[in-house]
Amino acid sequence: MICDRIREQIPECLAGRLDAAAREKVIDHVDGCSKCRAEMAELGVVWRGFESMSEPEPSPEVRVRFLETLHAYQEGYQEAQRKQVYSVPVKSWWASLWPSRPIWQATFAATLLLVGGLGGKYLVGGRAAQPNPEMAQLQSQIENLRQLVTLSMLREQSPSARLRGVTYSYQVTQNDPQVEQELLRTVNHDSNVNVRLSAVDAITKFAQNPEVRQALIDSIPVQDSPLVQVAIIDLVAQSNDKKLAPALRKLIEQKETNEAVKQRAESALKKLEATR
Amino acid sequence: MQEVRSGNVGRLELLFDRHHRPLFRYFLHLTGSRALSEDLVQEVFFRILKYRHTYQADTTFRAWMYQIGRNACMDQMGKRKGEVAMPENLGEFSSAEMLPDRQVQNKQETVLLHKALAAMPAEKREVLVMSRFMDLKYDEIASILKCEVGTVKVRVYRAMRELGDRFFALGGERAS
């Protein structure tokens, strides 16, 4: 154990790094311990073997290369510092405009928001009052595009695509006769009940047109779905159109008419007679 | 180094002049390649410049520099696994200031010593180089290797012991 501790100090002893007391302790032990003495001798040979080595020098280019790198770095560093100095006054100029107290900051922000909102309203309102031919042309183009999309979707093979077409028709303005006719065709001839029901809802905005109402009244007896019949009765009854009454009576008299449809027709008829 | 850290990077020239030679020898002992060692010296001082803000005053500059050097060397040796471990020219380490007969014997011993050193595991060779050639104190080595001073003492002794065994075996004085 003592030998292990002494041997661990041999390199330091050979290097002359031990203090006088520690060195003396090692030497005392080595004098009395043959194994440690042999160890000291062997390691001493190795240690001194290094002394015969010269100390190789790096080539002078190493220093030249380093100085080039250092100077390039210094130039870049100073340039970056100069840019930083120029950027400081701009920052402080903006900062000086901003109030330091939170209450004034909030007031300032609210004022800016109000000014922006009023300014925007004024600008938009001013422009709307003036006829803008370019804007009108653009709106017309958009309307044509919507009509085209609606018509093409209503003629799709897939019921889901036709349903999307019916939904898209809400974006078309009321005066479009092509869309109106296509929705009527869908109500009368579409093979899918859901598409026909959706088309009845979508055609509501065209119901002010007497021709559309008449076409819907004519459609009631030819519909094979009670749901669609009820939806059409409800839609036309809202307009209190007297032409609906004969069609409703005929529907009530027919034996093959669905009971729920009969009830809805009777209800609508009473409502129509009450308004007379 | 404190001045360099605070932005006076021109002062690094002084530190370079003071430390680049021992650093070069450290790399030469570890890699055996003069060209690679010179490149590593450049790399270390470039890293010092780049990471100067990470220098802590509680570490000596020398210990910090060798820490960076050690990392740079490991990066390089990782790229060159299995390459040079022996010095390209062993004569570089032989002193010319000796009498001819003694010079021949010493040159042979130096060659053997270098062969023995080159054959040692890298971590043992490194601790020996730091202790014997860089003249680094044990606490500095401990700081570089991030271990206790007592551990360094044991490692240096064991490395010396192994080097002795290899050296005498190569000289035919002991079975390997």
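Residues numbered from 1 in each chain as written. Chains lettered and ligands numbered in written order. Predicted model: local features only at pLDDT ≥ 70, side-chain atom pairs only at ≥ 80, totals over all residues.

1. Some thoughts on the overall build of chain B
Looking only at helices and strands, one finds eight helices and zero strands in chain B. Written out in order from the N terminus, the α and β elements of chain B read α-α-α-α-α-α-α-α. Across the 176 residues of chain B, 35% fall into the buried class. Sequence-distant contacts, at least 24 apart, represent 66% of the contacts inside chain B between residues at least 6 apart. (Helix = DSSP H or I, 4+ residues; strand = E, 2+ residues; numbered from the N terminus. Buried ≥ 20, exposed ≤ 12 C-beta atoms within 10 Å, placed from the backbone. Contact = placed C-beta atoms within 7 Å.)

2. Points about helix α12 (residues 226-238) of chain A
Residue and element names in this part refer to chain A. The end-to-end C-alpha distance of α12 is 18 Å, a good match for the 18 Å that 13 residues give at a rise of 1.5 Å each. When we look at burial in α12, the residues that qualify are V228, Q229, V230, A231, I232, I233 and V236. Contact partners of the buried residues in α12: α10 (193-202), α11 (210-219), α13 (244-253) and α14 (259-274). Just beyond α12, the residue with positive phi is N240, at close to 55°. (Expected span 1.5 Å × (residues − 1).)

3. Focus on unusual backbone geometry
Residue and element names in this part refer to chain A. Its identity is not glycine, yet N240 carries a phi of approximately 55°, on the positive side. Mapping N240 onto the fold places it in the loop between α12 and α13. Given 13 C-beta atoms within 10 Å, N240 falls into the partly exposed group.

4. Some remarks on the environment of V4 of chain B
Residues and elements named next belong to chain B. Within the element layout of this structure, V4 appears in helix α1 (residues 2-5). The class of V4 is buried, set by 20 C-beta atoms lying within 10 Å. Residues V4 and H53, spaced 49 residues apart in sequence, show a C-alpha to C-alpha distance of 8.8 Å. What V4 contacts, discounting residues up to four positions off in sequence, is V9, R11, L12 and R52.

5. Some remarks on the interface of chain B and chain A
With 34 residues of chain B at the contact, the number on the chain A side is 26 residues. Contributing elements (two or more residues each) for the side of chain B that touches chain A: α2 (12-31), α3 (34-50), α5 (100-118), α6 (122-133) and α8 (149-170) of chain B. Tallied by class, the residues present in the side of chain B that touches chain A amount to 17 nonpolar, nine polar and eight charged. (Nonpolar A, V, L, I, M, F, W, Y, C, P; charged D, E, K, R; others polar.)

It is worth stressing that arrangement in space is one thing and function is another; only the former is reported here.
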